[in-house]
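One letter stands for each residue in the lines below.
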Amino acid sequence: MLSVALLAGCTKTPTVEPEPNIDVNAGSNVEYGTFKVVNYNILQGMVADKGNNYDNFVAWVKEQDPDVLALEECNGFSETSLGALAKRWGHEYAVLNPNNSGYTVGLTSRYPIEDVVRMLDYPDGARGAIHAKINGINFVVLHLYPFSTWPHNVGASGTGEDYRLSEITTYLDNTIRQYPEEPSWLMMGDFNSPSPYDKANTAGTWEYRAQNEVLSSGYFDLVHEAHSAFQSSTTGGTRIDYIFGSKAMASNVVSARILKDDFTLSGVSDHYPVCAIFRIKK
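None of the values given here were measured: they were computed from a predicted structure.

1. Describing the sheet that holds strand β1 (residues 32-41)
Spatially, β3-β4-β2-β1-β14-β13 is the arrangement adopted by the 6 strands of the open sheet, whose pairing is mixed. Across the chains shown, the open sheet's two edge strands, defined by having one partner strand only, are β3 (93-97) and β13 (253-258). Averaged over neighbouring strand pairs, the angle between their axes works out to 15° when direction is ignored. As paired elements, β1 and strand β2 (residues 68-72) share 5 bridges and run parallel to each other. Among the inter-strand pairings, N41 is bridged to a residue of β2, identified as E72. Here helix α3 (residues 79-88) sits on the sheet in contact with β2, β3 and β4 (105-109), set at roughly 145° to β3.

2. Side note on the environment of G245
Residue position: G245 is located in strand β12 (residues 241-245). Expressed as a C-alpha distance, the spacing of G245 and F220, which sit 25 residues apart in the sequence, is 5.2 Å. G245 has contacts with W185, L186, G218, Y219, F220, L222 and A250, leaving out every residue within four places of it along the chain.

3. Remarks on the packing of aromatic side chains
Applying the stated criterion across every chain, the model contains 14 aromatic pairs. Here F57 and F263 contribute two aromatic rings whose centre-to-centre distance is 6.4 Å and whose plane-to-plane angle is 15°, an arrangement assigned as stacked. With F57 in helix α2 (residues 55-64) and F263 in the loop between β13 and β14 (274-281), this residue pair connects regions lying 206 residues apart in the sequence. By relative accessible area, which is 12% here, F263 ends up buried. On the basis of an interplanar angle of 25° and a centroid distance of 5.2 Å, the ring pair of Y242 and F244 is categorised as stacked. Site record: aromatic cluster; members linked through ring pairs are Y40, F57, W60, W89 and F263. Between the NZ or CZ atom of R127 and the centre of the ring of Y103, over which it lies, the distance is 4.1 Å.

4. Some points on the side chain of D198
Here D198 shows up in the loop between β10 (185-190) and α5 (209-215). The exposure class assigned to D198 is buried, which follows from its relative accessible area of 5%. Separated by 2.7 Å, the side chains of D198 and R239 make a polar contact.

5. Some remarks on the layout of surface pockets
Its volume calculated, the largest pocket comes out at about 240 Å³. Considering the residues around the largest pocket, the lining is formed by 16 residues, among which R164, N192, P194, T205 and W206 are closest to the centre. The biggest single contributor to the lining of the largest pocket is helix α4 (residues 160-173), with 3 residues. If you trace the second largest pocket, you find it lined by D115, V117, M119, H131, A132, K133, N138, N174, Y179, E182 and W185. Contributions of two or more residues to the lining of the second largest pocket are made by β5 (114-119) and β6 (129-134).

6. Here we look at the nonpolar core
With 30 residues, the main nonpolar core has V37, L107, F139, L186 and L222 as its most contacted residues. Once residues within four sequence positions are removed from consideration, V37 is found in contact with V68, F139, L186, M188, I243, V274, C275, A276 and F278. Formed by 25 residues, the second largest nonpolar core is a distinct cluster that contains Y40, L69, A86 and V268.

7. Quick word on the side chain of E161
Secondary-structure assignment places E161 in helix α4. Non-local contacts of E161, meaning those with residues more than four positions away in its chain, are made with S193, E207, Y208, R209 and A210.

8. Examining the sheet that holds strand β7 (residues 137-143)
The pairing of strands in a sheet comes from backbone hydrogen bonds and takes either a parallel or an antiparallel form. The sheet built from 6 strands is open, its strands ordered β5-β6-β7-β10-β12-β11 with mixed pairing. Pairing within the sheet leaves two strands with one partner each, and these edge strands are β5 and β11 (220-221). Two elements, β5 and β6, share 4 bridges in a ladder whose sense is antiparallel. Pairing of M119 across the sheet is with A129, part of β6. Seen against the sheet, α4 touches β5, β6, β7 and β10 and runs at an angle of roughly 165° to β7.

Cut-offs used in this document
Throughout this description, residue numbers start from 1 for each chain and increase along the sequence as written. Thresholds applied to this predicted model are a pLDDT of at least 70 for local features of residues and 80 or more for the giving and counting of side-chain atom pairs; totals over whole chains, interfaces and linings are not thresholded and use all residues. To get the side-chain values, take all heavy atoms of the structure and skip hydrogens and water. Two strands qualify as a pair provided DSSP detects at least 2 bridges between them. Helix and strand definitions follow DSSP, with helices as H or I runs of at least four residues and strands as E runs of at least two, each counted in order from the N terminus. A fitted line through C-alpha atoms serves as each axis, taken over the contacting stretch for helices, and the angle formed by two N-to-C directions is quoted from 0 to 180°. In this description, contact between two residues means that some pair of their heavy atoms is separated by no more than 4.5 Å. Only the six-membered ring of Trp is used, alongside the rings of Phe and Tyr, when aromatic pairs are assigned; centres must lie within 6.5 Å, and planes under 30 degrees apart are stacked while those over 60 apart are edge-to-face, with the rest tilted. Throughout this description, buried means an accessible area under 20% of the type-specific maximum (1.4 Å probe, protein chains only), exposed means over 50%, and partly exposed covers the range between. Throughout this description, the term charge over a ring refers to an Arg CZ or Lys NZ atom that lies within 6 Å of the ring centre and within 35 degrees of the ring normal. As used in this structure description, the phrase polar contact means that two N or O atoms lie within 3.5 Å; if the pair is within protein, one of them must be able to donate a hydrogen and the other to accept it, and residues adjacent in sequence are counted only when both atoms belong to side chains. Site definitions follow a grid-based scheme: protein atoms alone, a 1 Å grid, a 1.4 Å probe that fits but cannot get out for cavities, and for pockets an open set with protein on both sides within 12 Å along at least five of seven lines, plus lining residues having an atom within 4 Å of a point. Grid points are joined across faces, edges and corners, and a volume is the space filled by probe spheres set on the points. Only buried Ala, Val, Leu, Ile, Met, Phe, Trp, Tyr and Cys residues count toward a nonpolar core, and they belong to the same one when joined by side-chain atoms within 4.5 Å.

Right, dumping it as structure tokens:
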């Protein structure tokens, strides 16, 4: 367990446009395009669509047409089989972070995935993270510890929030804090913890220590900044799935939202995807 000193407070957040109805080429001689990122916890390897050869899932991803897709709970997949599936929705590149729990995180992309680092931590129930670079943007994909106590079911000696704070501190120390000269960062995944921004919409008692560590490290909660109204990311009515962006990324957000449509509302997962679209130079 790491001993961690929390950073106080959260930095002032930039304004994010709530809708993508802007001309990305307006008012500049620089040519711009858009870059779409989707994060999705697919519930035990999209088991609900496995018997259908993942046809519905593939059709949904092709319709969304993300440039990068981050996934949690890639259960049953190897990096090879995830790569084969990704090719069906037009992504030539895929990486996976295998771990002892079987609840792996993955990343697929239409562009090369470079400088891949697999970050692992193995108490009962931990899922690990991936750090990689795509088109000059640093991606951190993670799935934080899900249980209320740790070690899970082994005579608990701490709280789940203790371990989530330990995990997130490790990931921050080895990514955005280690490379302060790198401006472009996106951190996403299933954080298994609500945001302090959502206290009014969150049942129970939460400490928000893991979330505050993220928010005080130069990251901005893109969905929160884009929408004043609360949006749940799970069928249970909580918001625990996020895409966080550094200032350079948050300043170029076109839209950010939770995706709720016929497919994602059909019961294929207990989580809803999170989507963010960015303006980037071509």
